[in-house]
Amino acid sequence: MRISRRVLLGAAGCLGLVAVNRALLGPGDGPEGPDPVPPAGAPGQASPADTAAYRLRPFAGTGSVPSAPGRPPTAVRRAAAKTLPGPGRRIALTFDDGPHPRHTPEVLEILRRYNAPATFFVIGENAAWNPDLLRAIADDGHVVANHSWSHPQLNLISRARVREELGRTSEVIEKVLGEPPRWARAPYGVWDRASLTICAELAMEPLGWSIDTNDWTRPGSGAISSAVLEGAHSGGIVLAHDGGGDRGQTVQALRHYLPRLRDRGFALVARA
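Residues numbered from 1 in each chain as written. Predicted model: local features only at pLDDT ≥ 70, side-chain atom pairs only at ≥ 80, totals over all residues. Heavy atoms only, no water.

Where an unreviewed UniProt entry is consulted, the protein chain appears under the name Polysaccharide deacetylase family protein, with the organism given as Streptomyces sodiiphilus.

Quick look at the structure:
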């Protein structure tokens, strides 16, 4: 099988970053893919490409299988949680498919303005090319979580590749942030018994959502904002995206609905 120059460069670049960086911490995500961000010049300098046709592409892995993080495994869940536990008028914002060199900083700026925490489910390939953005997310007090390495549908791939998809991403996060992630979200929200077992072995809890913005379809910022405000409920988990393509509508919608959630008495929380 012929391997493209881009795949070879991407794999080599990711391995280089992993080696030199300091010690690294339902259904339907939509068919539009996370934004793979290749280097533009020196390692670690990513160009803000807006490639959409990315999900379910062939995996450009190394063949190695990372070991589990250095903490005990969690219980194997039958399904991902879709709401927050416990009482209270709380809601969680989550962003998938980043980090993205343009849209992630825009999202962070809005969250900072309203002192609102969030959870970012990052793609391992993107995280490897953008370690500074990973640190920026964590430095602002947000939760960095695992969204696989290259966004395959986990129930359609082998157990070995599921482990590599989740394990490599946890490894990158741990090398950058000093601890592995505690939360994972399956691409497209699709888990099966095997992937839930591997998630638990890697000491992560699976998390879904109860409020889908469908922002990957780019329905307009008004439609995205309405999906959040009309669907908001106590214990709700909002699914949005800071990567995977042009997320300008998502950013504009966040500016609109976030203060209104506050006005309605919702406390913004992050899964930690």
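Draft legend 1. Representation of the packing of helix H2 (residues 103-113) against helix H4 (residues 131-139) within the structure. Two elements in contact, H2 and H4, have axes separated by 11 Å at closest approach and are oriented at 10°. The angle between the axes of H2 and H4 places the two elements in the roughly parallel class. Like other packed secondary-structure pairs, H2 and H4 cross with a definite hand, here left-handed. Residues Thr104, Pro105 and Leu108 of H2 touch H4, and the partners they reach there are Leu133, Ala136 and Ile137. Counted by class, the contact of H2 with H4 contains 5 nonpolar, 1 polar and no charged residues. (Axes fitted to C-alpha atoms, helices over the stretch in contact; angles between N-to-C directions. Helix = DSSP H or I, 4+ residues; strand = E, 2+ residues; numbered from the N terminus. Parallel < 35°, antiparallel > 145°, perpendicular 65-115°, else oblique. Left-handed = near helix turned anticlockwise from the far one by under 90°. Contact = heavy atoms within 4.5 Å. Nonpolar A, V, L, I, M, F, W, Y, C, P; charged D, E, K, R; others polar.)

Draft legend 2. Spatial organisation of the nonpolar core. Core analysis: the biggest nonpolar cluster contains 35 residues, and Leu93, Phe95, Leu111, Phe120, Leu254 and Leu261 have the highest contact counts within it. It is helix H8 (residues 248-263) that contributes the most residues to this core, 6 residues altogether. When neighbours within four sequence positions are excluded, leucine 261 is seen to be in contact with Ile91, Leu93, Val228, Leu229, Ala232 and Phe266. Grouped together as the second largest cluster of nonpolar side chains are 13 residues, Val162, Leu166, Ala184 and Met204 included. (Core = buried A, V, L, I, M, F, W, Y, C linked by side-chain atoms within 4.5 Å. Buried < 20%, exposed > 50% of the residue type's maximum accessible area, 1.4 Å probe, protein only.)

Draft legend 3. Main features of the pattern of salt bridges. The final tally for this structure, using the stated rule, is 7 salt bridges. One salt bridge connects glutamate 205 with arginine 77, and the closest N-O pair in it is separated by 2.8 Å. Here glutamate 205 is found in strand E5 (residues 205-206), whereas its partner arginine 77 is found in the loop between helix H1 (5-20) and strand E1 (90-96), with 128 residues between them in sequence. On the accessibility criterion, glutamate 205 (18% relative accessible area) is buried. (Salt bridge = Lys/Arg side-chain N within 4 Å of Asp/Glu carboxyl O.)

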